[in-house]
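# Breakdown of the fold
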Amino acid sequence: MRRIDLVCKTVSPIFVGYLLTTPSPFVATVAISTWTTVSAVVEYILVSQIHRDIPALHTRAPYTPPSPPTAAPGESEQVEEEASVPVSFREYIHHKTFLITLSIGMLYINVLSFGGTMTSYLTMIGYSNSLLGIMKAVSGAMGVAGTYVEPLLSKRIGNVRTGLWSIWQLALTLSLVLIAIANKAHDMTLTTTSVLLFGGMAASRLGLWMFDLAESLILQEYTSSSHITSVTGWQYSMCNIFDLLQYVLTIVWSDPKVFVVPASISVGVVVAAAGVYTGFVWKDRGHLLHHIKLK
């Protein structure tokens, strides 16, 4: 599913970039509007089908999984124990996985991605839509590569250390992007700035998606089946809150000339997130690195 998501994010910038540069803005507007309308209809049909096929969605009453009809003595009690149990916010912040969910949430306070904010800034400082479309595609390809590298690395060093390596790789590569932004108008040539900027952005997608996958697997491994729904819900809520904060940064520092300020804050938060996850690793394993042999 992550690969499907990333492939769509890779193909769509190329398609949109072609529409914006080849036919005309009017054709691009019509094409995107038509595609969005068709997608909405298809999505509605699929959601309606799911609602129709799952009776439990037809009522607002809490759903309780039935006990197996052939359950052995004591087996029904086990099923009841594994049913979803709500987790309060106090319990969540004391949960073993709180630090890793906090670290993934903090990564959302980041304007250094090929989202609307960063794309608008790069357009204002002179980069063409066609170049940005190509770089979005390259970054998407790096993200897809991360979905292949993460399982291979996890087999050798485990999910926890894979997450440690990937989040620090993300922090280091985004630091290169910050250097390019901070020095664009000073002593760096345009070529050097572009290499650091786009190279760092593309490389950061590898670490980001590797960490995202590692964090998801660790969360499932360290959380009981009765708590996973609530813990995941708290994580999504926290990610949404942090995602809103990135827009607060660009509201406060809206002038493109001072974009380096929200960029610096973003890198600082990513480094802090890496520190939070490092704290989880230290607490969980008692050490950060030890000698391993990679075959």
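Since the model is a prediction, treat every value here as computed from it, not as a measurement.

## Overview of the environment of Thr 101
- Following the sequence through the fold, Thr 101 ends up in helix H5 (residues 98-106).
- Here the alpha-carbon distance between Thr 101 and Ile 218, two residues 117 residues apart in the chain, equals 9.9 Å.
- Among the polar contacts made by the side chain of Thr 101, one reaches the side chain of Tyr 92 at a distance of 2.7 Å.

## Thoughts on the layout of surface pockets
- As a volume, the largest pocket reaches approximately 1,200 Å³.
- What lines the largest pocket is a set of 40 residues, among which Lys 9, Tyr 108, Arg 205, Leu 208 and Trp 209 lie closest to the centre.
- Considering each element in turn, the lining of the largest pocket owes the most residues, nine residues, to helix H9 (residues 228-252).
- Split into classes, the residues belonging to the lining of the largest pocket amount to 18 nonpolar, 14 polar and eight charged.

## A word on the UniProt feature "transmembrane region" (unreviewed entry) in the protein
- As annotated by UniProt and renumbered to match this structure, "transmembrane region" (unreviewed entry) occupies residues 98-122, 134-153, 165-183, 195-214, 234-253 and 259-282.
- A helix fraction of 64% and a strand fraction of 0% characterise residues 98-122, whose end C-alpha atoms lie 35 Å from each other.
- End C-alpha atoms of residues 134-153 are separated by 28 Å, and the span's content is 100% helix alongside 0% strand.

## So, the packing of H5 against H9
- Interaxial distance between H5 and H9 falls to 8 Å at its minimum, and their mutual angle equals 30°. For the element pair H5 / H9, the angle class is roughly parallel. As H5 runs across H9, the sense of the crossing is right-handed. Contact residues: H5 offers Thr 101, Leu 102, Ile 104, Gly 105 and Met 106, while H9 offers Gln 235, Met 238, Cys 239 and Phe 242.

## Describing the nonpolar core
- The biggest cluster of nonpolar side chains holds 56 residues, and the ones touching the most others in it are Leu 112, Met 118, Leu 122, Ile 181, Leu 197 and Tyr 277.
- Elements supplying a minimum of two residues to this core: H5, helix H6 (116-124), helix H7 (129-183), helix H8 (190-222), H9 and helix H10 (260-285).
- It is H7 that contributes the most residues to this core, 13 residues altogether.
- Ignoring any residue separated from it by four or fewer positions in sequence, one finds Leu 112 in contact with Met 118, Leu 174, Val 177, Ile 181, Met 201, Arg 205, Phe 259, Ala 263 and Val 267.

Rules used in this analysis
As a convention, each chain's residues are numbered from 1 in the sequence order in which they are written. Local features in this predicted model are restricted to residues whose pLDDT is 70 or higher, and side-chain atom pairs enter the listing and the counts only when it is 80 or higher, whereas totals over whole chains, interfaces and linings include all residues. As a convention, hydrogens and water are excluded, and side-chain values are obtained from all of the structure's heavy atoms. Here a strand is any run of E in DSSP of at least two residues, a helix any run of H or I of at least four, and the numbering for each starts at the N terminus. Any N or O atom pair separated by 3.5 Å or less is treated as a polar contact, with the protein-specific requirement of one donor-capable and one acceptor-capable atom, and with residues adjacent in sequence counted only for side-chain atom pairs. Cavities and pockets are defined on a 1 Å grid built over the protein atoms alone: a cavity is a set of grid points where a 1.4 Å probe fits but cannot escape, while a pocket is an open set with protein on both sides within 12 Å along at least five of seven lines, and lining residues are those with an atom within 4 Å of any such point. Grid points are joined across faces, edges and corners, and a volume is the space filled by probe spheres set on the points. Think of it as three bins: nonpolar holds Ala, Val, Leu, Ile, Met, Phe, Trp, Tyr, Cys and Pro, charged holds Asp, Glu, Lys and Arg, and polar takes everything else, Gly as well. UniProt positions are given in the numbering used here, feature names are shortened, and annotations may be inferred rather than shown by experiment. Axis definition: a line fit to C-alpha positions, over the contact stretch in the case of helices; interaxial angles, taken between N-to-C directions, run 0 to 180 degrees. Each angle is binned into one of four classes, with values under 35 degrees roughly parallel, values over 145 roughly antiparallel, values of 65 to 115 roughly perpendicular, and all other values oblique. Throughout, a crossing is termed right-handed when the near helix is turned clockwise from the far one, and left-handed when it is turned anticlockwise from it by less than a right angle. Contacts: residue pairs with any heavy atoms within 4.5 Å of one another. Here, nonpolar core refers to any group of buried Ala, Val, Leu, Ile, Met, Phe, Trp, Tyr and Cys residues whose side-chain atoms link them within 4.5 Å. For the exposure calls, accessible area comes from a 1.4 Å probe over protein chains only, and a residue counts as buried if that area is under 20% of its type's maximum, exposed if over 50%, partly exposed in between.

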